[in-house]
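# A closer look at the structure
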Amino acid sequence: MFLILACISCASKLKITDNQIITESNPKLIFLNYKISKNDSGEKSIQFIDKKIVDGKLRNKSSKYINSGAVGDLVCVQLDNNKKTLSNQIISNPLLKSIEFTTDSLSFKKRRVSIKQTSLNLRIQLNPATKFIRIKEIIDSLQNTKTLIISSIE
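Residues numbered from 1 in each chain as written. Predicted model: local features only at pLDDT ≥ 70, side-chain atom pairs only at ≥ 80, totals over all residues. Heavy atoms only, no water.

### Observations concerning the nonpolar core
Rule in force here: To form a nonpolar core, buried Ala, Val, Leu, Ile, Met, Phe, Trp, Tyr and Cys residues must be joined to one another through side-chain atoms within 4.5 Å. Residue burial is assigned from relative accessible area. The probe radius is 1.4 Å, only protein chains are included, and a residue is buried under 20% of its type maximum, exposed over 50%, and partly exposed in between. Note on conventions: DSSP H or I runs of at least 4 residues are helices, E runs of at least 2 residues are strands, and numbering of each starts at the N terminus.
Counting 18 residues, the largest nonpolar core has Y34, L122 and I135 as its most contacted members. Those elements that place two or more of their residues in this core are strand 1 (28-38), strand 4 (74-79), strand 8 (117-126), strand 9 (132-138) and strand 10 (145-152).

### Describing the sheet that holds strand 8
What counts is decided by this rule: Two strands pair under a simple rule: DSSP has to find at least two bridges between them. Where helices are involved, their axes are fitted lines through C-alpha atoms of the stretch in contact, as for all axes, and angles between N-to-C directions lie from 0 to 180°.
Reading across the sheet, the three strands line up as 2-1-8 and stay open at both edges, with antiparallel pairing between neighbours. Either end of the sheet is taken by a strand with one partner, and the two such strands are strand 2 (44-55) and strand 8. Pairs of neighbouring strands in the sheet enclose a mean axial angle of 20°, with direction left out of account. Summarising the sheet, strand 1 and strand 8 pair through 10 bridges and their orientation is antiparallel.

### Observations regarding the pairing of strand 6 (residues 96-102)
Note: strand 6 against strand 7 (residues 108-114), seven bridges, orientation antiparallel. Residue T102 lies in a different strand from strand 7, and its bridge partner there is F108. Between strand 6 and strand 7, which pair antiparallel one after the other, the connecting turn spans five residues, and L106 there sits at a positive phi close to 65°.

Following this line, the structure appears as structure tokens:
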């Protein structure tokens, strides 16, 4: 009896699982480069510069992308072949820059400055069904948007 009890107490506590082959798709990243500007009346326009698609997966979410948008922010939407939304990311208004500076009393101050044009560089986890990228601007507090550009990624 003692021998049986000793063998049971020395048994391994490892869980045995089925050896399943997990097929991992080949994740892709897309790097998009645009030039964004606004005219004197405040209307934004975007010009597509280039794109690059590479193998890879995002490690963490960029601080460029935010959870909820405000007036003037942009929405980057991945669209399928029928232009149905697959995913979207909200981007802080790239034409509003925060600048830190020191005053005469050597204290730091922060000021938001509106600029006329800048580059917009996006790094996005690419959905395999994505065929187009749409950039929209949030135009009012009800989250209504205006399409600025649609780019084919093929």
